[in-house]
Amino acid sequence: MATSNGSSTGTKITALVVDDDRVINAIHCKLLNKLGIENHVAANGKEVVDLHCSGKKFDLILMDRDMPIMNGIEYQSKVTEYSLLHGRQQRELRAMGVRSIIVGVSTRSIKQEIQEFMDSGLDDYQEKPLTSSKVISILHKINFVD
Amino acid sequence: MDSVVLLQRQLVDYTAQLFNEGFLDDQFNQLQQLQDESNPDFVVEVVTLFFEDSERLLNELAKALEQQSIDYRKIDAHVHQLKGSSSSIGAQRVQKVCIAFRNYCEERNIEGCQKCLQQVKNEYSLVKTKLETLFKLEQQVLAAGGSIPWPM
């Protein structure tokens, strides 16, 4: 199974796992870990915003839609605000080929709710719980692995 | 040597039984696949987290259903969380009761909710006992010098 260390400088792919359920976080982190991805956890949307404001960047964010403090959708619009403020920086980062891919993870399977979730700015959506093949399909989508 | 084979046989049979009776589903296999030499207690650790969180949630649910004025949204939130974590470790029967529980919440059906709370407590208690037995059998195999034949 192909794992990737990212660019030729050997930097690992970084991911942020966001869920208020620590059982899910433990499982998703282990999964990502086995694929060679460096991961961090956050318990809610507010923590994610704080992390970004403190300058931390992630290649991939796996975000649960159903969280108490600032749910997934509210976070998306904050991210947009943040990108507008740092528009130039974002463009430079994009020119370098770097961007956070945000993947929504949820148990919701009603089409309308999924659409709402995607419309708020997600790059992809997967149903919980994640499995190695789901994560690999995400990575393939964003060309992090061959 | 014989005792190892016997113990392994016991483990395989017990595990198959749990799957056949619907206590565990394929998600549990996924967890086992994540375990390796760098983290040989991964499954036990995650399942232990599940036990702790579930017990907390069941207490919260009991409290919430005793209130004069029932907060169905809060109950639904707790059940949703229990459903999520039980499905993530493959505790299928617990997950199934949670689905019914949420429907009663939506209907604001207090009796239905109380019935489901009792059911989910039972299912949780059953799966906890069975997983603890499973882990004990695994320990016995390892102690006798055998290895865990996964997947089973």
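Keep in mind that what you see is a predicted model, and the values were worked out from it rather than measured. All residue numbers here refer to positions counted from 1 along the written sequence of the relevant chain. All chains are assigned letters beginning with A, and all ligands numbers beginning with 1, in the order in which they are written. Reporting of local features is limited, given that this is a predicted model, to residues whose pLDDT is at least 70; pairs of side-chain atoms are given and counted only at 80 or more, and all residues count toward the totals for whole chains, interfaces and linings. By convention in this description, side-chain values take in all heavy atoms of the structure and omit both hydrogens and water.

Colleague: What is the right way to read the overall build of chain A from this model?
Modeller: Note on conventions: DSSP H or I runs of at least 4 residues are helices, E runs of at least 2 residues are strands, and numbering of each starts at the N terminus. For chain A, the helix and strand inventory stands at 6 helices and 5 strands. Listed by position from the N terminus, the elements making up chain A come as β-α-β-α-β-α-α-β-α-β-α. Buried positions account for 45% of the 146 residues belonging to chain A. Restricting the contact set of chain A to residue pairs at least 6 apart, pairs at least 24 apart contribute 59%. Surface exposure here means Shrake-Rupley accessible area, sampled with a 1.4 Å probe, where a residue is shielded only by the protein chains that are shown. Approximately 7500 Å² of chain A is accessible, and the part contributed by carbon and sulfur atoms is 52%. Remark: exposure states derive from per-residue accessible area (1.4 Å probe, protein chains only) relative to the maximum for the residue type, with buried under 20%, exposed over 50%, and partly exposed in between. Here, residues are in contact when the closest pair of their heavy atoms is within 4.5 Å.

Colleague: So what exactly am I meant to see when it comes to the UniProt feature "domain: HPt" (unreviewed entry) in chain B here?
Modeller: Per the UniProt record, "domain: HPt" (unreviewed entry) is found at residues 39-144 of chain B. Helix makes up 87% of residues 39-144 of chain B and strand 0%, whereas the separation of the span's terminal C-alpha atoms amounts to 20 Å. UniProt positions are given in the numbering used here, feature names are shortened, and annotations may be inferred rather than shown by experiment.

Colleague: So what exactly am I meant to see when it comes to the UniProt feature "modified residue: 4-aspartylphosphate" (unreviewed entry) in chain A here?
Modeller: Under the UniProt annotation, "modified residue: 4-aspartylphosphate" (unreviewed entry) lies at A:Asp64. By relative accessible area, which is 1% here, A:Asp64 ends up buried.

Colleague: It is not clear to me how the confidence of the model for chain B should be interpreted in this structure. Could you clarify?
Modeller: If pLDDT is low for a region, its predicted coordinates should not be looked at in detail. Averaged over all residues, the pLDDT of chain B is 94; the fraction at 70 or higher stands at 98%. At the level of chain-chain contacts, confidence expressed as ipTM amounts to 0.87, with global pTM at 0.79. pLDDT gives the predictor's per-residue confidence on a scale running from 0 to 100.

Colleague: Explain the UniProt feature "modified residue: Phosphohistidine" (unreviewed entry) in chain B here, please?
Modeller: Per the UniProt record, the feature "modified residue: Phosphohistidine" (unreviewed entry) sits at B:His80. Turning to its location among the elements, B:His80 is positioned in helix α4 (residues 72-89).

Colleague: Just checking my understanding: could you explain the interface of chain B and chain A for this structure?
Modeller: The figure often quoted for interface size is the accessible area lost as the parts come together. In this assembly, 24 residues from chain B lie in contact with 15 residues from chain A. Values labelled buried area give the accessible surface lost by two parts on being combined, using a 1.4 Å probe and summing over both. Summing the contributions of chain B and of chain A, the shared interface buries around 1600 Å²; its carbon and sulfur component is 57%. Contact with chain A buries surface across chain B, with B:Leu34, B:Leu49 and B:His80 losing the most and accounting together for 30% of the total. Salt bridge, as applied in this entry: a Lys or Arg side-chain nitrogen positioned within 4 Å of an Asp or Glu carboxyl oxygen. Counting across the interface, chain B meets chain A through 4 salt bridges.

Colleague: Hey, could you run me through the nonpolar core in this one?
Modeller: Soluble globular proteins: nonpolar side chains tend toward being buried together. By convention a nonpolar core is built from buried Ala, Val, Leu, Ile, Met, Phe, Trp, Tyr and Cys residues, the set being connected through side-chain atoms within 4.5 Å. With 63 residues, the main nonpolar core has B:Ile75, B:Ile89, B:Phe101, B:Val120 and B:Leu131 as its most contacted residues. Take this core: its biggest share by element is 12 residues, from helix α3 (residues 42-66) of chain B. If near-sequence neighbours (up to four positions away) are discounted, B:Ile75 is found in contact with B:Leu61, B:Ala64, B:Leu65, B:Ile70, B:Phe101 and B:Cys105. Core analysis: the second largest hydrophobic core is formed by 7 residues, A:Leu16, A:Ala42, A:Val48 and A:Met63 among them.

Colleague: Would you mind showing me how to read the packing of helix α1 (residues 22-34) of chain A against α4(B) here?
Modeller: Comment: axis = line fitted to C-alpha atoms, over the contacting stretch for helices; angle = value between 0 and 180 degrees taken between N-to-C directions. Here α1(A) crosses α4(B) at 35°, and the two axes come no closer than 9 Å. Considering the relative orientation of α1(A) and α4(B), their crossing is left-handed. Where α1(A) approaches α4(B), its residues A:Val23, A:Ile24 and A:Ile27 are matched on the opposing element by B:Gly84, B:Ser85, B:Ser88 and B:Ile89. Only Asp, Glu, Lys and Arg are considered charged, only Ala, Val, Leu, Ile, Met, Phe, Trp, Tyr, Cys and Pro nonpolar, and every remaining residue, Gly among them, polar. Of the residues assigned to the contact of α1(A) with α4(B), the class counts are 4 nonpolar, 3 polar and no charged. Crossing handedness follows the turn of the near helix against the far one: under a right angle anticlockwise gives a left-handed crossing, and clockwise gives a right-handed one.

Colleague: In this structure, what is going on with the packing of α4(B) against helix α5 (residues 92-106) of chain B? I would like to understand it.
Modeller: Residue and element names in this part refer to chain B. Here α4 crosses α5 at 160°, and the two axes come no closer than 9 Å. In this view, α4 runs roughly antiparallel relative to α5, as classed from their interaxial angle. Helix-helix and strand crossings are classified by hand; for α4 and α5 the assignment is left-handed. Packed against α4, whose contacting residues are Tyr72, Ile75, Asp76, Val79, His80, Leu82, Lys83, Ser86 and Ser87, the element α5 presents Val94, Gln95, Cys98, Ile99, Phe101, Arg102 and Cys105 at the interface. When grouped by side-chain class, the residues that make up the contact of α4 with α5 number 9 nonpolar, 4 polar and 3 charged. For this classification, under 35 degrees means roughly parallel, over 145 means roughly antiparallel, 65 to 115 means roughly perpendicular, and everything else is oblique.

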